[in-house]
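# A structural walkthrough
In case you want the letters, here they are:
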Amino acid sequence: MNTEIENIIRDSECRYLEEGEQKKILAYTASLPARFRAAAAVEAREEVVIRGVGEQMRRLYPNFERYHAKGWEKCHRDIQISLRFTVQAMVWNNLEMQEDKLLTWLASILASSGFTPKFNRETYTLLRDGIKANVSQEIYAMLEPYLAKNIDILGNIPEPAMALV
Amino acid sequence: MAGIAQMPSMFRGNFFNEKDWLKTNVKRGVTRNRAGTRMLSLSSDFLIGLRNALQFECGKAADAVLHTAGKKWGLQFAIRLEKELSDFYGYALSSFSLAVFEGCLIEAFSHHGWGRLKLDISKQDKGLIIFCVTNPIYGTIVDKAEGPVESLLSGIIAGIFSHYSGQDLECEQTQCITTGAADARFVLSLPSRLEDVPTWVKAGKNHDAIVAALCEVRG
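This text gives an overview of the structure that appears in the document. From a predicted model like this one, the values you see are computed outputs, not experimental measurements.

Counting secondary structure elements, chain B contains seven helices and seven strands. When the helices and strands of chain B are listed from N to C terminus, the series reads α-β-β-β-α-α-α-β-β-α-β-β-α-α. Against the globule reference of 17 Å for 219 residues, chain B gives a C-alpha radius of gyration of 19 Å, in line with a compact fold. Each principal axis of the C-alpha distribution contributes one length, and for chain B these read about 55 × 50 × 30 Å. Within the span of chain B, comprising 219 residues, buried residues form 32% of the whole. Relative to all contacts within chain B whose residues are 6 or more apart in sequence, the contacts with residues 24 or more apart total 56%.

Right under this line is the structure:
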């Protein structure tokens, strides 16, 4: 849910909505068609983008699958779900959503799997750049803060005792 | 990409994500988690009251009572968690990778308010698992203590891992935040290997020294 609207609902208990609050809600609902178009644009290019990330990461980390059975397939899955949560967060205009629904948990899992923060930063920077190259400037601008969230959270896991990438 | 369609779709995101984790039916006065299990909030005054009452009633045995209660609780919790996660992800918990299991357990601890958990399995080959918990249950609410205060949590950890390992394990606290440490630490192993740990803790041996001593002892 949109955090700003949730806050308005909570703050407006026992009174009527002020004009400024109504405007904020209307501004958000008016933005929904553009957000849905952005989501559709990403959906249409999802496979191309993620495959491109995978190809570049395979070149950077040729030994990765020695450590992780079906490692690249699992990475594809991780990137795919991260991207879908990214888009969902953009639709709901909620910068906290990805962290709560996915990223904190995924960060623990990747850290336990011996991934390095550098590996994750590279993966999700490539994802960000891949999206940028495959959607319009306007759509990219809507997604950018949410794409940055993936890099920020997953790229700051602790260094593993033994890197397995 | 070949093979993706055949992989189990276990990635539905975080089972414990806050917005979906708990729902309260105010009219009925019932809170349930997303799997439908009834949940209850226990405030710090309840926890303090419980500890004080046990100390009053049981004296020096209070910690043992809390630990035993925690172990029974941990066992039941582990059974329930296994079912809830397996149902949610459509994949048996026993088939989860260690990393995913660990990720889920860390989130389970956090979302139950038991503190932020970190596992150290680097001594697993010596039969030891080490746990670090920041903001543990009692350490942040007890004013003064003569010794470690996380007997409930050590019992919970022992119960959880006894279930998942299929053998009786014990857990002893080796470091407590009431002494000024940044986190509470625990060691998990076979009961016979941890018999001396409470004595070592009382004698002032620190966590690292205890772990080193345990690594020398072969069970």
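Back to the text.
What follows covers the interface of chain A and chain B. At the interface, 17 residues of chain A touch 18 residues of chain B. Mapped by element, the contributors of at least two residues to the side of chain A that touches chain B are α4 (71-92) and α5 (97-112) of chain A. In terms of residue count, the dominant contributor to the side of chain A that touches chain B is α5(A) (eight residues). Grouping the amino acids of the side of chain A that touches chain B by side-chain chemistry returns six nonpolar, five polar and six charged.

Okay, the sheet that holds strand β3 (residues 38-39) of chain B next. Residue and element names in this part refer to chain B. Taken in spatial order, the three strands make up an open sheet running β1-β2-β3, and their pairing is antiparallel. The open sheet has two edge strands with one neighbour each: β1 (22-25) and β3. For strand β2 (residues 30-33) and β3, the ladder comprises two bridges, and the chain directions are antiparallel. Residue R32 lies in a different strand from β3, and its bridge partner there is R38.

Turning our eyes to something else, we now look at helix α2 (residues 44-58) of chain B. Between its terminal C-alpha atoms α2(B) stretches 21 Å, which fits the 21 Å expected from 15 residues at 1.5 Å a residue. Immediately downstream of α2(B), the backbone of G59(B) shows phi near 60 degrees, a positive value.

Next up on the list: the sheet that holds strand β5 (residues 129-134) of chain B. Residue and element names in this part refer to chain B. Strand order in the open sheet made by the four strands is β4-β5-β7-β6, with antiparallel pairing throughout. The open sheet has two edge strands with one neighbour each: β4 (116-120) and β6 (170-175). Taken over all neighbouring pairs, the strand axes of this sheet differ in orientation by 25 degrees on average, direction set aside. The sheet contact formed by β6 and strand β7 (residues 184-189) spans five bridges and is antiparallel. What sits directly across from Q175, in β7, is R185. Across the face of the sheet, helix α7 (residues 207-216) comes into contact with β5, β6 and β7 while running at roughly 10 degrees to β7.

Taken residue by residue, a regular strand's side chains alternate between the two faces of the sheet. All names here are of chain B. The sheet contact formed by β1 and β2 spans four bridges and is antiparallel. Of the residues in β2, the one forming a bridge with L22 is N33. Taking the residues that link successive antiparallel strands as the turn, the β1-β2 hairpin has four residues, and the phi of G29 there is positive, at about 70 degrees. Connecting β2 to the antiparallel partner β3 that follows it, the hairpin turn spans four residues, and G36 within it adopts a positive phi of roughly 95 degrees.

Residue and element names in this part refer to chain B. Two elements in contact, helix α3 (residues 62-89) and helix α5 (residues 151-165), have axes separated by 6 Å at closest approach and are oriented at 40 degrees. Crossing of α3 against α5: the hand is right-handed. Looking at side-chain class alone, the contact of α3 with α5 contains 14 nonpolar, ten polar and three charged residues.

Parameters and conventions
- Residues numbered from 1 in each chain as written.
- Chains lettered and ligands numbered in written order.
- Predicted model: local features only at pLDDT ≥ 70, side-chain atom pairs only at ≥ 80, totals over all residues.
- Helix = DSSP H or I, 4+ residues; strand = E, 2+ residues; numbered from the N terminus.
- Rg over C-alpha atoms; globule rule 2.2 N^0.38 Å.
- Buried ≥ 20, exposed ≤ 12 C-beta atoms within 10 Å, placed from the backbone.
- Contact = placed C-beta atoms within 7 Å.
- Nonpolar A, V, L, I, M, F, W, Y, C, P; charged D, E, K, R; others polar.
- Pairing = 2+ DSSP bridges.
- Expected span 1.5 Å × (residues − 1).
- Axes fitted to C-alpha atoms, helices over the stretch in contact; angles between N-to-C directions.
- Left-handed = near helix turned anticlockwise from the far one by under 90°.

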